[in-house]
Amino acid sequence: MWRVHVLVSGRETGVFDCFDGREMVVGRDPAADIVVPERSVSRRHCRVVGAADGVDVLDLGSANGVYSSGRSVQRIRLGEGEEVQIGMAHLRASKVTNRTGMVPIQGFVETASGGPGDDPSTASFSDSSRSILDASNTAYKELEKERLALLIEAGKSLSQALELDDLFERIMDHLFQILQVRRAVLVLREADGRLEPRCLRPETEQRELSEVASQSILRTVMESGKPQIIDDAQLDTGLNMAQSILAANIKAAICAPLTSHNRVIGALYADYPGRAQLYRRSDLDFFGAFASLAAVALDNARMQSELRERERLQLDLQIAAEIQLGLLPDDNLDAPGFEMDWAYVPSKHVGGDFYDCTVIDDDKVALVLGDVAGKSIGAALFMARLMSFLRATVPEDPSPGSVLTRTNALLGAPADRVLFATACYMVVSRSEGKLRYASAGHNPALILEPETEDFKELGATGIPLGIDADYVYEGSDIAVAPGALVVLYTDGIVEARNSAGEQFGLEKLKLLIREHRDAPVKDVTRALNETIVVWCRGSTYTRDDIAIVVVRISG
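Below or above, wherever it landed, is the structure these notes cover.

### Regarding the packing of helix H9 (residues 505-515) against helix H10 (residues 521-536)
For the pair H9 and H10, the least separation of the axes is 11 Å and the interaxial angle reads 140°. On the basis of the axis angle, H9 is oblique to H10. At the point where H9 passes H10, the crossing takes the right-handed sense. Residues Lys 508, Leu 509 and Leu 512 of H9 form the contact with H10, whose own contacting residues are Ala 527, Leu 528, Thr 531 and Trp 535.

Here you go:
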């Protein structure tokens, strides 16, 4: 038999038995046989099939393919230790030479050295009062059929898709069915090292561990990574008569670590107040096996919960992106006497770049392009507010200084979390041959006149929007001839970095515009986008949003 190991970021996240002839689908889909919660893995990425001499891996038409030694493969057989890459994850095959049972943990039977009638002193924790299970010395004598059946039933029950809170309760339900206990607690280790009780039996409003369990016992078990029996906690010199033991009247107790992927995530504790020397070595085997099943179920439930949350967030982001795109001007917008095109390429689902166009009359058109600091949902919401204010102010008075001043005032004073935006707003009049503009700290707009190689650069005339609500913006005028190209852009173009870390820069942008000056503006926009994609290919640097507006003034 073979096993398939799943590795993400170099860490093993799952191991799956692959019997001869067994087929399993690998993918991001929660319904897959082997779930890999990694965005670069397709929902149904590949299929693995067990064979006598290895594991066959077949690509199911995934987006990122299956790779072996850097080579794309459609089908490959993996031998011992061999692996393939799927997205940012890896699948590795290993040969299983021996198999001890359905659950690869401690046995479910009495050890050869101790049975139900053994002297309790042979299983002491410390000072003849605690029993410690040493897996390497555990030998199978006879199978406890009833307990094995209970474990199999518990394994099936706990492997079902459950929310964490429901799983906590189900673990406790099974524990009270399979072992003599009056009190139990399931604790998980928090990020700061605290032991947090996640489920108590019997239920109580008091969630302090000292009321139901000994932190000394819990921490000892979690540090050792081994299940342990305490015959009489109040006589145990190793526990030093901890106050929690006396307060909770703890005598006989049993505790096992919750271990998943070689990591102790918590502990399962049970006791019987006022009764000593209750649990035996066979109980410890059984309890340790049950805790192992519970730990795997908890880890799987946690990963499934995180996956569902990521999928919900992904859906929210997709909806937000659709709403944001709906705020941008219609591709069918046409202004008499102007040839226009624009493009927007967000680096993430939602971004902070924006642009708009308003036809004032048959002679004039208003253009704006800007960039909100940040790439978060907050930046996208700020962008939506900003665009709504711009559209509300233009009809009243479209002059650039007035529009930016009133929009900035509507944004109000900055909140504790400061968001601001750069923007360049302009009004172009064909009959006057004039362009009026105001720039709130934005990249210089470029104007390329006919029959000249030199650009006019329209620099900033004020500070970014959203910093000072009382700031007054001034506009400027510049003459433009028929046939002139006007290009507005965000810093995602000029600051784009290649694999060597070099920025694309303003001069390369100017060169590209010159080369396409006589082409339709749609070709100019497309050339800019395609050139940036090629420039950034293989780069590990973070991409920024890209927004472009290209306008040619007709003669």
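Continuing now.
### A few points about the side chain of Ser 62
As for its position among the elements, Ser 62 is in the loop between strand S6 (54-59) and strand S7 (66-68). What makes Ser 62 buried here is its relative accessible area of 12%. Polar side-chain contacts of Ser 62 include one of 2.9 Å to the side chain of Asp 59. A distance of 3.0 Å separates a polar side-chain atom of Ser 62 from the backbone nitrogen of Gly 65. Once residues lying within four places of it in the same chain are set aside, the contact partners of Ser 62 are Ser 42 and His 45.

### Side note on the sheet that holds strand S18 (residues 338-345)
Sheet architecture is open: 5 strands sit in the order S18-S27-S26-S23-S24, paired in antiparallel fashion. Across the chains shown, the open sheet's two edge strands, defined by having one partner strand only, are S18 and strand S24 (455-458). In this sheet, neighbouring strand axes are inclined to one another by 15° on average, regardless of whether the strands run parallel or antiparallel. Pairing of S18 with strand S27 (residues 546-553), which is carried by 8 bridges, proceeds in the antiparallel orientation. Looking at S27, one finds that Ala 343 is bridged to Ile 548. Its contacts with the sheet put H9 on strand S23 (445-448), S24 and strand S26 (485-489), and the angle it makes with S23 is roughly 35°. Running over the sheet, H10 touches S18, S26 and S27 and is turned about 155° from S27.

About the cut-offs
Counting from 1, residues in each chain are numbered in the order their sequence is written. In view of the model being predicted, local features appear only for residues whose pLDDT reaches at least 70, and side-chain atom pairs are presented and counted only at 80 or more, with totals across whole chains, interfaces and linings using the full set of residues. With hydrogens and water set aside, each side-chain value is computed from the structure's full complement of heavy atoms. Each axis is a line fitted through C-alpha atoms, and for a helix only the stretch in contact is used; angles between axes span 0 to 180 degrees, taken between their N-to-C directions. The way it works is that DSSP assigns letters per residue, a run of H or I at least four long becomes a helix, a run of E at least two long becomes a strand, and they are numbered from the N terminus. For classification purposes, angles smaller than 35 degrees are called roughly parallel, those larger than 145 roughly antiparallel, those between 65 and 115 roughly perpendicular, and all remaining angles oblique. The hand of a helix crossing depends on one turn: near helix anticlockwise from the far one by less than a right angle means left-handed, and clockwise means right-handed. Between two residues, a contact is recorded if the distance between any of their heavy atoms is within 4.5 Å. Exposure classes here rest on a 1.4 Å probe applied to the protein chains alone. A residue is buried below 20% of its type maximum, exposed above 50%, and partly exposed in between. In protein, a polar contact means a hydrogen-donor-capable atom and an acceptor-capable atom, both N or O and within 3.5 Å, with residues adjacent in sequence counting only if both atoms are side-chain atoms; elsewhere, any N or O pair within 3.5 Å suffices. Whether two strands pair comes down to DSSP finding at least two bridges between them.

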